[in-house]
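# A closer look at the structure
Spelled out from the first residue to the last, the chains are:
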Amino acid sequence: MMHSRSLLSMFALAGAIFATPTPPRQAPEYVGYLVSTFSDPTPKVQFHLSNGNDALSFTFLNGGNPVLASDVGTKAVRDIFLATDSARSEYYLIATDLDVRAAGFSWDKATRHGSRGIVVWKSSNLVDWSGPSLQTVEPETAGMVWAPSAVWDDQELLYYVFWASRHYDPSDTEHTGTASLDRIRYATTRDFATFSEPKDYLAPPGIPLIDQEFQYLGKPGAFARFFKDETVGRVYQEVTSDGLFGTWTRLEGYVHSDGQREGAASFADNLTPGLYHLLLDDYTQYIPYETTDIYSQSWKGSNRTGFPSGLKHGSVTPVTQKEYDALIAAYGA
Ligand SMILES: *[C@@H]1O[C@H](CO)[C@@H](O)[C@H](O)[C@H]1NC(C)=O
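These lines cover the structure that appears in this document, whether it is placed above or below. (Residues numbered from 1 in each chain as written. Predicted model: local features only at pLDDT ≥ 70, side-chain atom pairs only at ≥ 80, totals over all residues. Heavy atoms only, no water.)

### Section: the overall build of the chain
Counting secondary structure elements, the chain contains 2 helices and 20 strands. Its C-alpha radius of gyration of 18 Å places the chain within 12% of the 20 Å reference for a compact globule of 333 residues. Per-residue burial over the chain gives 59% buried out of 333 residues. Pairs at least 24 apart in sequence give 56% of the contacts found in the chain among residues at least 6 apart. Entry remark: accessible area of the chain is about 12,800 Å², with carbon and sulfur atoms responsible for 51%. Side chains of the chain carry 26 positive and 39 negative charges; the gap between the two charge centres is 2 Å. (Helix = DSSP H or I, 4+ residues; strand = E, 2+ residues; numbered from the N terminus. Rg over C-alpha atoms; globule rule 2.2 N^0.38 Å. Buried < 20%, exposed > 50% of the residue type's maximum accessible area, 1.4 Å probe, protein only. Contact = heavy atoms within 4.5 Å. Areas by Shrake-Rupley, 256 points an atom, 1.4 Å probe, with all protein chains shown as cover. Lys, Arg positive; Asp, Glu negative; His and termini not counted. Charge placed at Lys NZ, Arg CZ, Asp CG, Glu CD.)

Structure representation (structure tokens):
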């Protein structure tokens, strides 16, 4: 029952950054979905695997236990993202290094003196993982590094890594003053061990942004992206047809009207062309949404009957039969 047929790739964003040719988004090799996530009580990497090719029904792998725990940095991880290349020859789990249950924790402290690194695990098969490492990506002017994600570029053969940060004036070495607004930053890397100098990706005037998520839309250069506007606590969407560094158009309003949300994770449906899914964290858990018209403001709530509770800001990866079988063998069903 676990193995129906399917298609498509969310992370074969292959070559799409500069609108170079891209493999078809929907291809018959994808048989399910892997959610990489964490939970508030257990800030460690957790896997949920779809029951067959159902985008809304999942089994908590490893008997409901985490598959990876951090013993670096704050020793807690949030905002889990699974990155892979288009050949599926390497996998990286990357995460925010942040323990909100640490003694003396406050969000003010977390954004002035937070971690300037991301936690990284590497695997060649999705089930045998390296130990965690803490990789610094920002200079000392940064108050924190949150919600990393990555896009593989098939032409340059490297990853573009994105995250949210705020920065203090270089003279304010104790970070006691007023920082810049939260903004989206990026660097490139081939190995998640060395990174290019970080730069601003997006810093719109007056809008503090975190939690960026990209969604490839099936044509070279075509993407949606989602952000949390920290001022209103809501998620909005933009679209482009000319690549991640091209011209983006914001859809009016927000993708949801039902309270505060963050931590978007989007994915294309493996079976139905043009159907996209969006998971939004209501600060307690993920709520699933869907649309068949991603170029308009048309997300609606999905059927939540079989959707697991307690999932937080993470990512969803379409998986091949080989990957699906390896996950079942290693972590049970
Ligand atoms: C919602 O999903 C459940 C199975 O998870 C199904 O039994 C039910 O019919 C669905 N409801 C609707 C309205 O589609």
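### Regarding the pattern of salt bridges
Applying the stated rule across the entire model yields 14 salt bridges. Of the charged contacts, one joins lysine 312 and aspartate 40 as a salt bridge, the two residues approaching to 3.4 Å between their closest N and O atoms. With lysine 312 in the loop between β19 (300–301) and β20 (315–320) and aspartate 40 in the loop between β1 (30–37) and β2 (46–50), this residue pair connects regions lying 272 residues apart in the sequence. Notably, a salt bridge pairs glutamate 262 with lysine 228, separated by 2.9 Å at the nearest N-O pair. Linking glutamate 262 in strand β16 (residues 262–268) with lysine 228 in strand β13 (residues 223–229), this pair joins segments that are 34 residues apart in sequence. (Salt bridge = Lys/Arg side-chain N within 4 Å of Asp/Glu carboxyl O.)

### A few points about the sheet that holds strand β17 (residues 276–281)
Spatial strand order, β16-β17-β18-β19: 4 strands in an open sheet with antiparallel pairing. For this open sheet the edge positions go to β16 and β19, each flanked by a neighbour on one side alone. By the bridge criterion, 2 bridges tie strand β18 (residues 286–291) to β19 in an arrangement that is antiparallel. Within the sheet, the bridge partner assigned to tyrosine 289 lies in β19 and is glycine 301. (Pairing = 2+ DSSP bridges.)

### Structural notes on the site of the ligand
Close to the ligand lie Asn303, Thr305 and Gly306. In isolation the ligand offers 360 Å² of accessible surface; the protein chains occlude 25% of this area. (Near = heavy atom within 4 Å.)

### Here we look at the sheet that holds β2
Spatially, the 4 strands line up as an open sheet ordered β3-β2-β1-β20, and their pairing is antiparallel. Strands with a single pairing partner mark the edges of an open sheet, and in this sheet they are β3 (58–60) and β20. Direction aside, the axes of adjacent strands within the sheet are offset by 30° on average. Relative to β2, β1 runs antiparallel, the two sharing 4 bridges. Within the sheet, the bridge partner assigned to leucine 34 lies in β2 and is leucine 49. Across the sheet, helix α2 (residues 321–331) lies against β1, β2 and β20, angled at about 105° from β20, the strand it touches most. (Axes fitted to C-alpha atoms, helices over the stretch in contact; angles between N-to-C directions.)

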